[in-house]
Amino acid sequence: MLRFGLCCIFREEPIRFRATTAKALLSLDRRARLAKLSRLAMENASSLLAALEAVRRLGFGAFRVLSPLLPRYTHPEVGYRLEDLPGGDAITAKLREAAAFRALHDLRLSFHPDQFVVLSSPRPEVVERSLAELEYQGLMAELVGAETITLHGGGGYGDKGQALARWRKHFAELSPGVRGRLALENDDVTYTVRDLLPACEALGVPLVYDVHHHRCNPDGLSVAEATALAAATWREAGREPWFHVSSPRNGWGGNAPKPHADYLDPSDFPTEWLGLDATVDVEAKAKELAVARLMKELGAEPWMGKGRGG
């Protein structure tokens with residue numbers, strides 16, 4: 001049975017996640033700064049639990065967690081540790097409450113780091129920041145019960161083979177908890193399914209197949225072939241396959257097919273995925289409205305969890 005996933009935020013549900021800037025934090029002394037960060041982190045932890053409750057109520061089976069639950073955690077000037085925050089234990093407890101809700105209802109959670117997280121970069125300072133950010137997201141994933149941290153290959157830098165070799169080298173520098181959660185996703189500019197498969201198979205890293213990216217950046221594989229190859233990497237790891245789907249805002253006949261539309265055109269949903277046991281994140285600007293509409297158009301049942309009618 002397919003489970004459908006919502007990405008990060010809501011369109012109509014009254015659930016918001018808080019952020020701040022380094023500039024705003026630098027205007028405060030350390031005590032006031034940590035107090036502000038603590039308030040934001042607790043609000044975000046509470047919002048995460050509310051988000052999972054909404055996901056469950058709406059019949060979705062997965063949720064992509066917004067990365068900065070702890071705002072500016074790895075920033076070089078205003079970064080901190082969870083234990084530095086006043087009320088850090090209460091924040092941890094709230095995050096673990098969200099993890100318990102996730103487990104009870106068999107929801108899948110993922111993180112998707114921002115584009116500045118690049119393990120293939122030839123610049124040591126970029127890699128250093130990327131490693132730190134991934135360790136932070138690994139900490140968050142452990143606390144909330146997130147299974148996957150989905151990452152792109154990064155830039156090609158004139159030699160995709162060398163860039164992927166750097167990616168593999170820096171992958172080995174990550175802690176086991178992060179390595180065990182990392183997944184690679186094909187992108188719409190540089191790295192195709194065919195490009196990433198050798199690294200995925202060599203490292204035991206699952207491949208998140210984004211069909212929209214594949215259509216924008218084809219590699220000679222059909223959707224059916226790419227689906228089967230990507231799914232095999234997940235099954236090799238003993239896990240349920242994870243896919244991404246979206247529609248182009250300006251249609252496939254337009255000059256810019258990469259930006260996502262508000263809703264998904266059902267004809268863009270691969271028939272090859274129907275009937276699979278897999279998770280599909282719907283990347284659409286209308287957020288939960290788009291996921292609900294797609295499920296209705298496909299005749300998909302609300303997610304009840306495996307073993308509970310799902």
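Keep in mind that this is a model prediction, so the values were computed, not measured. (Residues numbered from 1 in each chain as written. Predicted model: local features only at pLDDT ≥ 70, side-chain atom pairs only at ≥ 80, totals over all residues. Heavy atoms only, no water.)

Undergrad: What exactly am I supposed to notice about the pairing of strand β2 (residues 62-65) here?
TA: Within a regular beta strand, the side chains point alternately toward one face of the sheet and then the other, so they alternate between its two faces. Every second residue of β2 is oriented toward a common face, with Ala62 and Arg64 on one face and Phe63 and Val65 on the other, all of them buried. The pairing of strand β1 (residues 2-7) with β2 spans three bridges and is parallel. Pairing of Leu6 across the sheet is with Phe63, part of β2. Judged from the four bridges that link them, β2 and strand β3 (residues 108-111) form a sheet pairing that is parallel. Looking at β3, one finds that Arg64 is bridged to Ser110. (Buried < 20%, exposed > 50% of the residue type's maximum accessible area, 1.4 Å probe, protein only. Helix = DSSP H or I, 4+ residues; strand = E, 2+ residues; numbered from the N terminus. Pairing = 2+ DSSP bridges.)

Undergrad: Looking at this structure, how should I read the packing of helix α5 (residues 160-171) against helix α7 (residues 193-203)?
TA: Between two packed helices, the angle of one axis relative to the other and the distance separating the axes together describe the packing. Between α5 and α7, the least distance of the axes is 11 Å, while the angle of their chain directions is 25°. What the angle tells us is that α5 and α7 run roughly parallel. The crossing of α5 and α7 is right-handed. Along the contact surface, α5 presents Lys160, Leu164, Trp167, Arg168 and Phe171, while α7 presents Asp195, Leu196, Ala199, Ala202 and Leu203. Taken together, the residues of the contact of α5 with α7 break down into seven nonpolar, no polar and three charged. (Axes fitted to C-alpha atoms, helices over the stretch in contact; angles between N-to-C directions. Parallel < 35°, antiparallel > 145°, perpendicular 65-115°, else oblique. Left-handed = near helix turned anticlockwise from the far one by under 90°. Contact = heavy atoms within 4.5 Å. Nonpolar A, V, L, I, M, F, W, Y, C, P; charged D, E, K, R; others polar.)

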